[in-house]
Amino acid sequence: MNRRSVLLGIGAVTAFLAVDLGAVAYANKWIGPNNTLTRETFLNAFRSVFGLHPGFRKNHAKGVVVTGHFDSNGNGSELSRAAVFRPGRSSVTGRFSLNGGDPNVVDTPAAARGLGLAFAFPDGTQWRSAMLNLPVFPDNSAQGFYDRLLAQKIVSETGKPDPAAMPAFLAAHPESAAAMAVIKQHPPTRGFADSTFNSLITFFLVNDAGVRTPVRWSFVAQQQALEQRSGGRNILFDALIRQMRNGPLQWRLILTVGAPGDSTTDATLPWPSDRRTVDAGVLTLTGIETEDPGNARDINFDPLVLPDGIQPSDDPLLNARSTVYAASYRARTGEPKSPPAVQVDKVTP
Amino acid sequence: MTDPIRRYPLRTRILHWLVAILIFSMLFIGFVMVSWLGSYSALVGIHMTLGVVILCIVVLRVANRFTHRAPKLPDTVGWVEHKLVVGSELTLYALMLAQPLIGWAMVSATGRGPVIFGSLRLPRIAPFDADLFFVLRQTHSVVAYALVAVIAAHVSAVLLHTLTLRDGMLSRMAFSRHS
């Protein structure tokens, strides 16, 4: 051991640690370009806009759990080899929800309604889908979603969003302005029971022959919604609960087949209404329950949990949703829980 | 210079360097996939697949480790350091075995089996339980950083021995014909 060998050893260790720990720091985004969104940026944006609501989903925080089954008529097998499209029955567990990160928000007709479904949960070849009652999605990129979220932030001095924020957002995001115009032409239905829930994002179905077909799917309501009773904070959820006490509710799964030229990567763009559709079967929801440990409260409706025979498109929202949902799931599973606003047993007959 | 007392058998050296490359890749992919928005689902698929591949190779490595003795350590290693060498080897084996199993159990606790090689669905090895998921998820991160730390110490020690003490430490695991 001499001075040269000491320097050589220390130099080599320093160089190795610089590269090794540098790579770890870069991969974790502790160093390097800081101008791109991360999953944490999204969680913090939800917290900043809606406040801290530990234990709840960071978006679509208010909801109720449903159970039932899907009866496939086999028509979907033409497009997809997924087991769920073969003739027969799959179990389904799901969750109706309202858009936004406040779990105690007052129900309003204008809030986007969500339906998350998990087919063959937990041990089959699963298919999970998180859908909305909107005709198109307002954004076509994670950045757009983020900017729109922040534009809705309530300014504490006025109790309202900054009046300049939304116009500025729409000027910067013409795709969202166009999508919102389409949404305006499709006013929401009366309640959850008569809402049609759409995938919005395009997926590819792959059949036995290996043919890939772009589709968007919809669960089309097969009943009217009960009249809501005025008063109370949960008028939409209460009406759904009362209606399900009288019997199951049904939705028909319609697969819409995209034609060449239809966008498969931009959920703000509607497909023309004359596209071919395939009626794949009927979803029947028979049970409704309060969110509790071990039911759909604890399911992450990750749109990328797909069976063989359904493949993601290149829509950038898919990866963004999947990763932000995972971060939200990790955060909320570690937080203390409090009772959800929708308590099925407490809804009067 | 293929004296079996001075150097690990070829199969052991191959397993060592294969696992080294895979674990460096896995740690990098793991950190990237939870910190960057793009390509998340593709990276998760690769991560789960590589995790199961590493689990299989490490099981093989553990079994192989019982088939031979370790080559003699250089005389520069005193008895305290000798204990550290044995301890760090055991620690690395424990972490390498535990990490893929924790990952598998963690995905299982979310109510699904991992999917590897695109479509091969593995069974769940833990019940659907959100509280259990959180414990496993945190542990998965802690073990990842523990691997980073132990591997950094392992490589640094070998470099110091080989370059500063010039005791040929690296040659026990290297492929070169000399030294």
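Residues numbered from 1 in each chain as written. Chains lettered and ligands numbered in written order. Predicted model: local features only at pLDDT ≥ 70, side-chain atom pairs only at ≥ 80, totals over all residues.

Draft legend 1. Examining the overall build of chain B more closely. A tally of regular secondary structure across chain B gives 4 helices and 2 strands. Listed N to C, the secondary structure of chain B is α-α-α-β-β-α in terms of helices and strands. The principal-axis extents of the C-alpha atoms in chain B amount to approximately 50 × 30 × 25 Å. Within the span of chain B, comprising 179 residues, buried residues form 26% of the whole. (Helix = DSSP H or I, 4+ residues; strand = E, 2+ residues; numbered from the N terminus. Buried ≥ 20, exposed ≤ 12 C-beta atoms within 10 Å, placed from the backbone.)

Draft legend 2. How the structure looks around the domain arrangement of chain A. You can read the domains of chain A as domain 1 (1–35) and domain 2 (48–147 + 186–346). One C-alpha centre belongs to domain 1 of chain A, the other to domain 2 of chain A, and the line joining them spans 47 Å. (Domains from an automatic or database assignment.)

Draft legend 3. Seen up close, the nonpolar core. One finds Val64 and Leu240 of chain A to be the most contacted residues of the largest nonpolar core, which totals 93 residues. It is helix α7 (residues 316–333) of chain A that provides the largest number of residues to this core, a total of 7 residues. Leaving out residues up to four positions away in the same chain, Leu240 of chain A has contacts with Phe96, Gly191, Phe192 and Ala193 of chain A. Ile102, Ala105, Ala130 and Phe133 of chain B belong to the second-largest nonpolar core, a separate cluster that totals 9 residues. (Core = buried A, V, L, I, M, F, W, Y, C linked by C-beta atoms within 7 Å. Contact = placed C-beta atoms within 7 Å.)

Draft legend 4. Representation of the interface of chain B and chain A in the model. Tallying the contact residues gives 33 residues for chain B and 41 residues for chain A. Residue assignment for the side of chain B that touches chain A shows that the elements contributing at least two residues are α1 (10–35), α2 (40–65) and α4 (130–165) of chain B. The element best represented in the side of chain B that touches chain A is α4 of chain B, accounting for 14 residues. Class assignment of the residues belonging to the side of chain B that touches chain A gives a composition of 18 nonpolar, 9 polar and 6 charged. (Nonpolar A, V, L, I, M, F, W, Y, C, P; charged D, E, K, R; others polar.)

Draft legend 5. Region of the structure containing unusual backbone geometry. All names here are of chain A. Each neighbour pair has its own omega, and for Phe121 with Pro122 the value is 0°, a cis peptide bond. Structurally, Pro122 is set in the loop between β3 (113–119) and β4 (127–132). Despite not being glycine, Leu200 shows a phi value in the positive range, around 65°. Relative to the helices and strands, Leu200 is located in the loop between β7 (197–198) and β8 (203–206).

Draft legend 6. Geometry of the packing of α1 of chain B against α4 of chain B. Residue and element names in this part refer to chain B. For the pair α1 and α4, interaxial distance at closest approach is 11 Å and the crossing angle is 135°. Comparing their axes, α4 and α1 come out oblique. In terms of crossing hand, the pair formed by α1 and α4 is left-handed. Here Ile23, Leu27 and Gly30 of α1 come into contact with α4, specifically with Ala144, Leu147 and Val148. Split by residue class, the contact of α1 with α4 holds 5 nonpolar, 1 polar and no charged. (Axes fitted to C-alpha atoms, helices over the stretch in contact; angles between N-to-C directions. Parallel < 35°, antiparallel > 145°, perpendicular 65-115°, else oblique. Left-handed = near helix turned anticlockwise from the far one by under 90°.)

Draft legend 7. Here's a closer look at the packing of helix α3 (residues 79–109) of chain B against α4 of chain B. All names here are of chain B. Direction vectors running N to C along α3 and α4 enclose 155°, while the axes themselves pass 9 Å from each other. When the interaxial angle is binned, α3 and α4 end up roughly antiparallel. In the crossing of α3 with α4, the sense of the turn from one axis to the other is left-handed. Facing α3, whose interface residues are Ser88, Thr91, Leu92, Leu95, Ala98, Gln99, Ile102, Gly103, Ala105, Met106 and Ala109, α4 presents Leu132, Phe133, Leu136, Arg137, Thr139, His140, Val143, Ala146, Leu147, Val150, Ala153 and His154. Here the contact of α3 with α4 is composed, by residue class, of 15 nonpolar, 7 polar and 1 charged.

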